[in-house]
Amino acid sequence: MLRRPLHIIAALFALGITGHALAQYVWVDDKGNKQYSDTAPPASVPKNRILKTPGKSVESNEPAAPAKEAGTATASANKPATTASRNEDFNKRRAEQAEKDKKAAEDQQAASDKSKNCERAKTYQKTLESGVRVATTDKNGERNYMDDAQRAKEIADAKKATAGCQ
């Protein structure tokens, strides 16, 4: 006789525990992953991404279809991510990063080249302005010295070249 009430109490206790286990929230995060918790989702999660709340059925709490103005971010978050789509996304991000790195390297090389050219132009301008005789060689290999008109023209050209330098 004592066993029967003990079984009933144990069954009621087990039902009470399982009721708590059903009190779960389910929502889709920004990355498209389902999150399960016994606490409410953060306030940053929109209501249309909450799939289940305690006391409400799953059907009445389905996420709304993504609006066209919401963009592809929410549309891709609602579709299940397959391994192929994850690999495709990863390869796309890796290609974009490689392109950014390549552009950064090209920009750095261009800045270095500009700096060297500016330094050369400034040195040449100082040499011309110092009044020292400057010799050049022509296409036949003969040495010619600059006269004052050529020197003035070269100084003007050097000033134009150094105008863009800092």
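Quick notes on the rules
Residues numbered from 1 in each chain as written. Predicted model: local features only at pLDDT ≥ 70, side-chain atom pairs only at ≥ 80, totals over all residues. Heavy atoms only, no water. Pairing = 2+ DSSP bridges. Helix = DSSP H or I, 4+ residues; strand = E, 2+ residues; numbered from the N terminus. Phe/Tyr/Trp six-rings, centres within 6.5 Å; stacked < 30°, edge-to-face > 60°. Lys NZ or Arg CZ within 6 Å of the ring centre and 35° of its normal. Expected span 1.5 Å × (residues − 1). Buried < 20%, exposed > 50% of the residue type's maximum accessible area, 1.4 Å probe, protein only. Arc of directions from axis to C-beta. Contact = heavy atoms within 4.5 Å. Axes fitted to C-alpha atoms, helices over the stretch in contact; angles between N-to-C directions. pLDDT = per-residue confidence, 0-100. Parallel < 35°, antiparallel > 145°, perpendicular 65-115°, else oblique. Left-handed = near helix turned anticlockwise from the far one by under 90°. Nonpolar A, V, L, I, M, F, W, Y, C, P; charged D, E, K, R; others polar.

1. Digging into the pairing of strand S2 (residues 34-37)
Side-chain positions along a regular strand alternate between the two faces of the sheet.
Now for step 1: The pairing of strand S1 (residues 25-28) with S2 spans four bridges and is antiparallel. Each residue of the ladder has a partner; that of Trp27, found in S2, is Gln35.
Now for step 2: The turn linking S1 back onto S2 is made up of five residues, and Gly32 within it adopts a positive phi angle of 90°.

2. Quick word on the packing of aromatic side chains
Geometrically, a pair of aromatic rings is defined through the distance of the ring centres and the angle of the planes.
Now for step 1: For the coordinates displayed, the defined rule picks out zero aromatic pairs.
Now for step 2: One residue, Arg133, lies across the ring of Tyr145, its end atom 3.9 Å from the ring centre.

3. Remarks on helix H4 (residues 148-163)
Now for step 1: If you check H4, its first and last C-alpha atoms are 22 Å apart, about what 16 residues at 1.5 Å a residue would give, namely 22 Å.
Now for step 2: Every buried residue of H4 is listed here: Arg151, Ile155, Ala158 and Thr162. For H4, the angular spread of the buried residues around the axis is 65°, confining them to a single face. In H4, the exposed positions that point more than 90 degrees away from the buried face belong to Ala149, Lys153, Lys160 and Ala163.
Now for step 3: Contacts made by the buried residues of H4 are with helix H3 (83-130).

4. Looking at the sheet that holds S2
Now for step 1: Across the sheet, which stays open at both edges, the three strands sit in the order S2-S1-S3 with antiparallel pairing between neighbours. A strand with exactly one partner marks an edge of an open sheet, and here the two such strands are S2 and strand S3 (50-52). For this sheet, the mean angle separating the axes of adjacent strands, direction not counted, is 25°.
Now for step 2: In the sheet, S1 pairs with S3 via two bridges, with the strands oriented antiparallel. Opposite Val26, over in S3, you have Lys52 as the bridge partner.

5. Quick word on the confidence of the model for the chain
Now for step 1: Residues with a pLDDT of 70 or more make up 78% of the chain, whose mean pLDDT is 81.
Now for step 2: By mean pLDDT, helix H2 (residues 72-78) is the weakest element of the chain at 54, and H3 is the strongest at 93.
Now for step 3: In the model, residues 59-71 has pLDDT below 50 throughout and makes 11 contacts with residues more than four positions away in sequence or in other chains.

6. Remarks on the packing of H3 against H4
Now for step 1: Where H3 meets H4, the closest approach of the two axes is 9 Å, and the angle between their N-to-C directions is 150°. Our classification of the angle between H3 and H4 gives roughly antiparallel. Between H3 and H4 lies a crossing whose hand is left-handed. On H4, the residues that touch Cys118, Ala121, Lys122, Tyr124, Gln125, Thr127, Leu128 and Glu129 of H3 are Arg151, Glu154, Ile155, Ala158, Lys159, Ala161 and Thr162.
Now for step 2: Here the contact of H3 with H4 is built from residues that sort into seven nonpolar, three polar and five charged.

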